[in-house]
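Overview (structure and organization)
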Amino acid sequence: MNRYITTFLHTVTAILALLCLPSCSVEKQLDKANEKLMAQYQTLPALQSLPERPLSWQRAIAMLDNNTEIRQLQMQIDTARRDKERVYRDLIPSLDLGHYYNTALLKSNSAYGRNTSFNINIIFSIPALSQLPMDHYLRTLAHFKAEQNLLLKKRELVARLWQYFHEYELDMRKDAMEDATPSVRTADLTLIKREREIRERERSLKISMMLNDFSARWIPVADTTPNINWNSYRKMAVVPDKLTQTQMALRLESARLQKLGVALRYMPDVHVNFYSPSLFSVTGGETTGFMNGAKDVRMNLNTYMQIDTRLDIWSDWAQAKENYKLVEQELTRQMYQYRNKMELLLDSWHAYDDWLKSTQDYIQFRRNQGVCDAGSVQELYREDLSLQKEMLDQAGANLERECALIQEYGLPDEHN
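Please read all numbers here as calculations on a predicted model, not as lab measurements. Every chain's residues receive numbers from 1 upward, in the order its sequence appears when written. Where local features are concerned, this predicted model is filtered to residues with pLDDT of at least 70; where side-chain atom pairs are given and counted, the filter is 80 or more; whole-chain, interface and lining totals use all residues. With hydrogens and water stripped out, all remaining heavy atoms of the structure feed into the side-chain values.

1. Brief notes about helix H2 (residues 26–43)
With 18 residues, H2 extends 26 Å from end C-alpha to end C-alpha; this agrees with the ideal 26 Å at 1.5 Å per step. By the criterion of burial, H2 is predominantly exposed, with just 0 of the 18 residues buried. For helices the rule is a DSSP run of H or I covering at least 4 residues; for strands it is a run of E covering at least 2, with both sets numbered from the N terminus onward. In this analysis, the expected span of each helix is defined as 1.5 Å times one less than the number of residues it contains. With a 1.4 Å probe rolled over the protein chains alone, any residue whose accessible area is under 20% of its type maximum counts as buried; one over 50% counts as exposed, and the rest are partly exposed.

Next comes the structure, spelled out in structure tokens:
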């Protein structure tokens, strides 16, 4: 009897421990997590103490795989793929194992004796047959959309990298030009140096955050970026990029499926279930289940159809139709806006090219014109320096156009 009482007490103790688990102090658990995070925080090196390392364009592109947003989107793709495969995996029968034990703990109850049974059950169920094709299509569409989202995010990050690389080059050229300006006072040099350090620290942090690599202060090497024939973008900008077209089509398809989903509610649902005895069962030495034959196997086929007496389905259908029209109108508006935005971008690009060419020609003309006295030399130098600064400022503004085109159409090698 002592053995049974001990077993009973152990079981009760285990159950009580499981019941008390949810009542653990939230504050204590959060304190432990915070302590772990703060210990890690103390080990993080200061950004200015990290070594400087050159970063080539090819290496930066390869390191984008470590980007946390990219990895999250990749996880979403994997999840969507598993969900798509799960539609038909639900048709695979499941197998359950069961063990039952019953015995008296006290002598006064010994009349009940002992009872032990072991069961193996198979469960086979076919979901609503009318929903299987629709579910598979919806999950396939979700998987496809997840892949498109990953491509869009990569485009965005590549465009941002392009901006960081060429901003660094422009800033270095501006700094060199500023250092060559004789009018800068010595008292301003400390402030200028400090501003440059802050600017470079911020850029280095942005690059490290994007690449998810904090082992160094990354110095982008603009010379390693690909040479781009920007005239090719003028041809591509006639229509939206394929990715943009796909995103718009996905919105329209989602609205269409909403209508289809409502319409399917008018269709009958078909459910098929199989009922049978246990696949294998042993109780008190007796074997039952399929071991003794399969005469008790039954199939249950149910057909269910909802009659829309309250007109709820009709109301949802009318709303889905209206939503589809609104999505069409919104996409038309976006296409109109997109077309005009691209036309303005290309017009401004043409204006920039014309301005740049005329400014370069003027600078060359002034240099070839020559001067006769020291005052004219100084004036020519100041004018030349002013125009060079303005050209760098305009190059920075044009960099935004380049990034916009890269984000929309990607790099030219993507279309080869």
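2. Some remarks on the packing of aromatic side chains
Only the six-membered ring of Trp is used, alongside the rings of Phe and Tyr, when aromatic pairs are assigned; centres must lie within 6.5 Å, and planes under 30 degrees apart are stacked while those over 60 apart are edge-to-face, with the rest tilted. One pass over the structure, following the stated rule, counts 6 aromatic pairs. Ring centres of Trp57 and Phe165 lie 5.3 Å apart, and the angle between their planes is 80 degrees; on these two criteria the pair is classed as edge-to-face. Of this pair, Trp57 sits in helix H3 (residues 57–63) while Phe165 sits in helix H5 (residues 132–179), placing them 108 residues apart in sequence. Given the relative accessible area of 5%, Trp57 is considered buried.

3. Notes on the packing of helix H8 (residues 242–264) against helix H9 (residues 312–369)
Contact geometry of H8 with H9 gives a least axis separation of 8 Å together with a crossing angle of 170 degrees. Taken as axis vectors, H8 and H9 run roughly antiparallel relative to one another. Grouping the amino acids of the contact of H8 with H9 by side-chain chemistry returns 12 nonpolar, 3 polar and 7 charged. The angle between two axes is taken between their N-to-C directions and runs from 0 to 180 degrees, where each axis is a line fitted to C-alpha atoms and a helix contributes only its stretch in contact. Any angle that is under 35 degrees is reported as roughly parallel, and any over 145 degrees as roughly antiparallel; angles of 65 to 115 degrees are reported as roughly perpendicular and all others as oblique. In this count, Pro and Cys sit with the nonpolar residues alongside Ala, Val, Leu, Ile, Met, Phe, Trp and Tyr, while Asp, Glu, Lys and Arg are called charged and the others, Gly among them, polar.

4. Thoughts on the nonpolar core
Buried Ala, Val, Leu, Ile, Met, Phe, Trp, Tyr and Cys residues that are joined via side-chain atoms within 4.5 Å together make up what is termed a nonpolar core. Core analysis: the biggest nonpolar cluster contains 47 residues, and Leu55, Trp162 and Ile406 have the highest contact counts within it. Elements represented by at least two residues in this core include exactly H3, helix H4 (68–89), H5, helix H6 (186–211), H9 and helix H10 (374–409). Looking at which element gives the most residues to this core, the answer is H5, with 11 residues. When checking whether two residues touch, look at their non-hydrogen atoms; a contact exists if any pair is within 4.5 Å. Apart from residues lying up to four places away in sequence, Ile406 is in contact with Arg155, Val158, Ala159, Trp162, Ile228, Trp230, Tyr233 and Leu411. Counting 5 residues, the second largest nonpolar core, distinct from the first, contains Met248, Ala255, Tyr324 and Val327.

5. Observations concerning a nonpolar patch on the surface
Patches draw on residues past 30% relative accessible area with no salt bridge. Two like charges within 9 Å are joined, as are two nonpolar side chains (Val, Leu, Ile, Met, Phe, Trp, Tyr) within 5 Å. The method behind every accessible area is Shrake-Rupley, applied with a 1.4 Å probe, and residues are considered shielded solely by the protein chains displayed. The salt bridge definition used is simple: a Lys or Arg side-chain nitrogen within 4 Å of an Asp or Glu carboxyl oxygen. Judged by side-chain polarity, Leu37, Met38, Tyr41 and Leu44 come together as a nonpolar surface patch covering roughly 430 Å² of accessible area. With respect to the element layout, Leu44 can be found in the loop between H2 and strand E1 (52–55).

6. Considerations on the layout of surface pockets
Leftover empty space is mapped by rolling, across the atoms, a probe with the size of a water molecule. Its volume calculated, the largest pocket comes out at about 350 Å³. Forming the boundary of the largest pocket are 20 residues, of which Leu170, Arg173, Tyr352, Ala395 and Glu402 lie nearest the centre. Tallying contributions element by element places H10 first for the lining of the largest pocket, with 7 residues. Grid points spaced at 1 Å and placed over the protein atoms alone form the basis of the search, with a cavity being a set where a 1.4 Å probe fits but cannot get out and a pocket an open set showing protein on both sides within 12 Å along at least five of seven lines. Lining residues have an atom within 4 Å of a point. Grid points are joined across faces, edges and corners, and a volume is the space filled by probe spheres set on the points. A volume near 250 Å³ is recorded for the second largest pocket. Along the walls of the second largest pocket sit 15 residues, with Glu52, Glu197, Glu200, Arg201 and Arg217 positioned nearest its centre. Of the residues belonging to the lining of the second largest pocket, the class tally is 5 nonpolar, 2 polar and 8 charged.

7. Thoughts on the pattern of salt bridges
In this structure the tally under the stated criterion is 22 salt bridges. A salt bridge links Arg199 to Asp171; the shortest N-O distance between them is 3.7 Å. One end of the pair, Arg199, is in helix H6; the other, Asp171, is in helix H5, with 28 residues separating them in the sequence. Asp171 gets classed as buried once you look at its relative accessible area, which sits at 13%. Note that Asp179 and Arg196 form a salt bridge whose closest N and O atoms lie 3.0 Å from each other. Placement of the pair is Asp179 in helix H5 and Arg196 in helix H6, with a sequence separation of 17 residues. For Arg196, a relative accessible area of 18% translates into the label buried.

8. Focus on the confidence of the model for the protein chain
pLDDT measures how confident the predictor is about each residue, on a scale from 0 to 100. Model confidence for the protein chain is summarised by a mean pLDDT of 82, while 77% of its residues fall at 70 or above. Ranking the elements of the protein chain by mean pLDDT puts strand E7 (residues 280–283) last with 58 and H3 first with 95.

9. Some thoughts on H4
Taking 1.5 Å of rise per residue, the 22 residues of H4 would be expected to cover 32 Å, and the 31 Å separating its terminal C-alpha atoms lies within 8% of that figure. The set of residues buried in H4 consists of Ile70, Leu73, Ile77, Ala80 and Val87. Along the long axis of H4, the arc covered by the buried residues comes to 95 degrees, so they all point the same way. Of the exposed residues in H4, the ones pointing more than 90 degrees away from its buried face are Gln72 and Met75. In the core, the buried residues of H4 are packed alongside H5. Directions pointing from the helix axis toward each C-beta atom define the arc.

10. Here we look at the packing of H5 against H8
When two helices pack together, you describe them by how their axes are tilted relative to each other and by the distance separating the axes. At their nearest, the axes of H5 and H8 sit 11 Å apart, and the two run at 160 degrees to each other. Judged on the interaxial angle alone, H8 and H5 are roughly antiparallel. Of the two elements, H5 crosses H8, and the hand of that crossing is left-handed. In this structure, H5 contributes Met134, Tyr137, Leu138, Leu141, Phe144, Lys145, Gln148, Asn149, Leu151, Leu152 and Arg155 to the contact, and H8 contributes Leu243, Thr246, Gln247, Leu250, Glu253, Arg256, Leu257, Leu260, Gly261 and Leu264. Note: crossing handedness is left-handed where the near helix turns anticlockwise from the far helix by less than a right angle, and right-handed where it turns clockwise.

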